[in-house]
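Residues per chain are reported as follows:
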Amino acid sequence: MAARTRTYAVVGLALVAAVTAGCSGTGSGSGSGSTTSPAGSSSAGGSGGQNNAAPTESNPPGDIPDNQAFVAYQPSGGSFTGFTVKVPEGWARTDQGGTTVFTDKLNTVKITAVSAAAAPTTGSVTSKVIPQLRSQVSKFAAPKVSEVTRHAGRVVLLTYQGDSAKDPVTGKVVRDAFERYAFYRAGHEVDLTLSGPVKADNVDPWRIVSDSFAWR
């Protein structure tokens, strides 16, 4: 009887030891899987996402790219064709009588050739041109007339601001800054008007265009 009792005790202890060992092994494996793998995976994914993110670069609205190419333009028809001027390559072109317009997005180069009995002066531009533009340009403002030097010689420059035409798609109106150069020689006047958004930095491209004007 005592021997049977000892046998039962030994068997019971063995079963308890086996169950305890099994539970201990299962708990260790489960804990390792739930705390280490997901954390490592999340960390690796976050690091990879940051390393693969490309920097975002964009020009302010109306800024002409620094790598913009320019090509020479000379009218083939109209009242006067004796001049050339560089215009941005690839811009859309529209011809209306003696006026040719090149546009791209928010910027415009407008070239008008007319006959004139005398060379324009700061006084004539102030008394004649400004009133005309005031009636033609929406919210015309801040006119300033001066004489400047370009490669073609002394020219009369009129700067001013005005609202653009409403975009037919978005309905938006842009506040534009204008530079109007009046070139003159031997009864011929060529007006070169450069325009784009007020906050755009197009000083260098506009200088390339206005400096490129030459009589032929």
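The preceding data block contains the structure.
Asks: Explain the environment of Gly-196 here, please?
Replies: Position of Gly-196 among the secondary structure elements: in strand β9 (residues 188–197). The class for Gly-196 is buried, based on a relative accessible area of 4%. In contact with Gly-196, not counting residues within four places along its chain, are Leu-106, Asn-107, Arg-175, Asp-176 and Ala-177.

Asks: Explain the side chain of Ser-195 here, please?
Replies: Within the secondary structure, Ser-195 sits in strand β9. According to the relative accessible area criterion, Ser-195 is buried, its value standing at 7%. Residues in contact with Ser-195, not counting those within four places in the same chain, are Leu-106, Asn-107, Thr-108, Ala-177, Phe-178 and Trp-206.

Asks: It is not clear to me how the pairing of strand β3 (residues 92–96) should be interpreted in this structure. Could you clarify?
Replies: Both β3 and strand β4 (residues 99–104) contribute to a ladder of five bridges, which runs antiparallel. Looking at the pairing, Asp-95 lines up with Thr-100 of β4.

Asks: Just to check I follow, could you spell out the pairing of β4 for this structure?
Replies: Here is the key point about a regular strand: its side chains alternate between the two faces of the sheet. The antiparallel pairing of β3 with β4 creates a hairpin that spans two residues between the two strands, and Gly-97 there sits at a positive phi of about 65 degrees. Across six bridges, the pairing between β4 and strand β5 (residues 107–115) is antiparallel. Considered in β5, the bridge of Thr-100 is made with Ile-111. Counting the residues that bridge the hairpin from β4 to β5 gives two residues, and of these Lys-105 lies at a positive phi of roughly 60 degrees.

Asks: I would appreciate a short explanation of the sheet that holds strand β1 (residues 70–73) in the present structure.
Replies: For sheets, the rule is that strands pair by backbone hydrogen bonds, running either parallel or antiparallel. Strand order across the open sheet formed by three strands is β1-β2-β10, with antiparallel pairing between neighbours. Looking at strand neighbours, the two that pair on one side only are β1 and β10 (214–215), the edges of this open sheet. Across two bridges, the pairing between strand β2 (residues 83–88) and β10 is antiparallel. The residue of β10 that forms the bridge with Thr-84 is Ala-214. Contacts from helix α4 (residues 203–212) reach β1, β2 and β10, with the element oriented near 165 degrees to β2.

Asks: What is the right way to look at the nonpolar core in this model?
Replies: One recurring pattern in soluble globular proteins is that nonpolar side chains are buried together. Judged by nonpolar contacts, the single largest core of 23 residues is most densely connected at Phe-83, Val-85, Val-109, Ile-111, Tyr-181, Val-190 and Leu-192. Within the residue set of this core, elements represented by two or more residues are β2, β5, β7 (153–163), β8 (175–185), β9 and α4. Once residues lying within four places of it in the same chain are set aside, the contact partners of Val-109 are Val-87, Pro-88, Trp-91, Thr-100, Val-101, Phe-102, Leu-192, Thr-193, Leu-194 and Trp-206. Membership of the second largest hydrophobic core comes to eleven residues, among which are Val-125, Val-129, Leu-133 and Tyr-160.

Cut-offs and rules
Each chain carries its own residue numbering, running from 1 in the direction its sequence is written. Residues qualify for local features only when their pLDDT is at least 70, as the model is predicted, and side-chain atom pairs are given and counted only at 80 or more; totals for whole chains, interfaces and linings, by contrast, use all residues. To obtain the side-chain values, all non-hydrogen atoms of the structure were used and water was disregarded. Only runs of H or I of at least four residues qualify as helices and only runs of E of at least two qualify as strands under DSSP, and these elements are numbered from the N terminus. Exposed residues in this analysis have more than 50% of their type's maximum accessible area, buried residues have under 20%, and partly exposed residues fall in between, with area computed by a 1.4 Å probe over protein chains only. Whether two residues are in contact is decided by their heavy atoms, any of which lying within 4.5 Å being enough. At least two DSSP bridges between two strands are needed for those strands to be called paired. Fitting a line to C-alpha atoms yields each axis, with helices limited to the stretch in contact; the angle taken between N-to-C directions then spans 0 to 180 degrees. In this text, buried Ala, Val, Leu, Ile, Met, Phe, Trp, Tyr and Cys residues form a nonpolar core when linked through side-chain atoms within 4.5 Å.

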